[in-house]
Amino acid sequence: MRIDTAINLASIELKKNNIKSPLLDCEILMSKAINQNREFVILNLDRELNINDYKYYQELVKSRSKGKPIAYITGKKSFWNYEFYLNEKTLIPRPDSELIIENVLKIYKNKSYVNFLEIGIGSGCIILSILKEKKFFLGKGIDLSSECLKLCDINAKKLNVKSRLKLFKSDVDNFSQGKYDLIISNPPYIKKLDLKHLDKDVIDFEPIVALNGGLEGLSEIRKVINKSSELIKVKGKLILEIAFDQKKEVTKLLKEKGFYVDKVLKDLANNDRCVISTKV
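All residue numbers refer to positions counted from 1 along the written sequence of the respective chain. Given that the model is predicted, a residue must reach a pLDDT of at least 70 before its local features are reported, and side-chain atom pairs must reach 80 or more before they are shown or counted; all residues, however, enter totals for whole chains, interfaces and linings. As a convention, hydrogens and water are excluded, and side-chain values are obtained from all of the structure's heavy atoms.

Between its first and last C-alpha atoms helix H8 (residues 146–158) spans 19 Å; for 13 residues at 1.5 Å apiece the expected length is 18 Å, and the two agree. In this scheme, a residue with accessible area under 20% of its type's maximum is buried, one over 50% is exposed, and one in between is partly exposed, where area comes from a 1.4 Å probe on protein chains only. Helix and strand labels come from DSSP, where a helix needs a run of H or I of at least four residues and a strand needs a run of E of at least two; each type is numbered from the N terminus. Where H8 is concerned, the buried positions are Cys148, Leu149, Leu151, Cys152, Asp153, Asn155 and Ala156. Asparagine 160, located one to two residues past H8, shows a positive phi value of around 60°. Between the first and last residue of a helix there are one fewer steps than residues, each counted as 1.5 Å, and that sum is the expected span.

Moving on to the sheet that holds strand E8 (residues 259–266). Across the sheet, seven strands lie side by side as E5-E4-E3-E6-E7-E9-E8; this open sheet has mixed pairing. Edge positions in the sheet fall to strand E5 (165–169) and E8, since each has one partner strand and no second. For this sheet, the mean angle separating the axes of adjacent strands, direction not counted, is 15°. Relative to strand E9 (residues 272–279), strand E7 (residues 232–241) is paired through five bridges, and the arrangement is antiparallel. Its bridge partner being in E9, isoleucine 239 is matched across the sheet by isoleucine 276. H8 contacts strand E4 (138–143) and E5 of the sheet and is inclined by roughly 170° relative to E5. What makes two strands pair is DSSP finding at least two bridges between them. Angles run from 0 to 180 degrees between N-to-C directions of axes, and those axes are lines fitted to C-alpha atoms, restricted for helices to the stretch in contact. By definition in these notes, contact holds between two residues if any of their heavy atoms fall within 4.5 Å.

By themselves, these are just geometric observations and shouldn't be taken as functional.
Here's what the structure looks like:
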């Protein structure tokens with residue numbers, strides 16, 4: 001069977017199962033099945049598939065038709081300027097989280113050295129992107145998940161920034177190493193009762209622990225702010241990703257812990273998404 005025929009048939013299958021971008025997904029899955037990039041697939045649509053590649057492709061399409069995210073099927077995701085390995089133990093990076101990197105680079109554009117901490121590293125996409133962009137920054141990352149720490153380490157080696165990174169398996173409450181110029185975090189912030197309203201491919205496949213922010217969605221954010229107030233230097237920055245409706249509560253929590261709120265940034269959908277604050 002030709003590549004284009006296989007893609008068209010698979011695209012019909014995904015459409016039937018209400019997958020949002022069936023053609024694009026089928027092209028990406030084909031690139032995995034034949035171990036080539038997507039450009040190769042598009043330029044070789046008339047090429048014949050061997051039987052083993054086609055069988056493998058059908059398995060991939062079947063997984064996608066059940067709602068399994070493309071990033072988990074391919075085991076990788078592009079974020080900022082880089083590609084990261086990931087698996088089902090780690091949250092899939094969202095474009096909104098690039099706001100953190102964008103603003104770290106703006107704030108510290110004239111600084112060559114910054115010692116910073118990320119609370120809850122996941123795949124490492126945020127901390128590693130910053131280390132890659134700023135050659136003399138030093139980063140520490142903590143996470144409770146051994147799987148996340150392992151994956152971040154693999155991604156750090158891939159991006160060649162491992163020598164400037166230290167990772168710790170720790171809950172935020174129990175971490176007390178060092179004082180930092182900058183702390184960043186994208187903590188779980190979805191209200192427990194709202195989890196059931198998330199898209200099927202999120203709630204059925206992504207780790208709940210990385211999404212569940214407790215009853216009000218603030219339990220992990222509160223912990224991060226409390227601990228950051230101890231770990232951050234005076235005039236140090238704390239940059240947090242938040243839910244679209246948490247600006248008021250998070251601002252209040254920050255002020256109570258001695259932070260001045262510099263600004264609240266909006267995401268691509270014009271929702272409040274990122275809070276930049278300074279320890280006073």
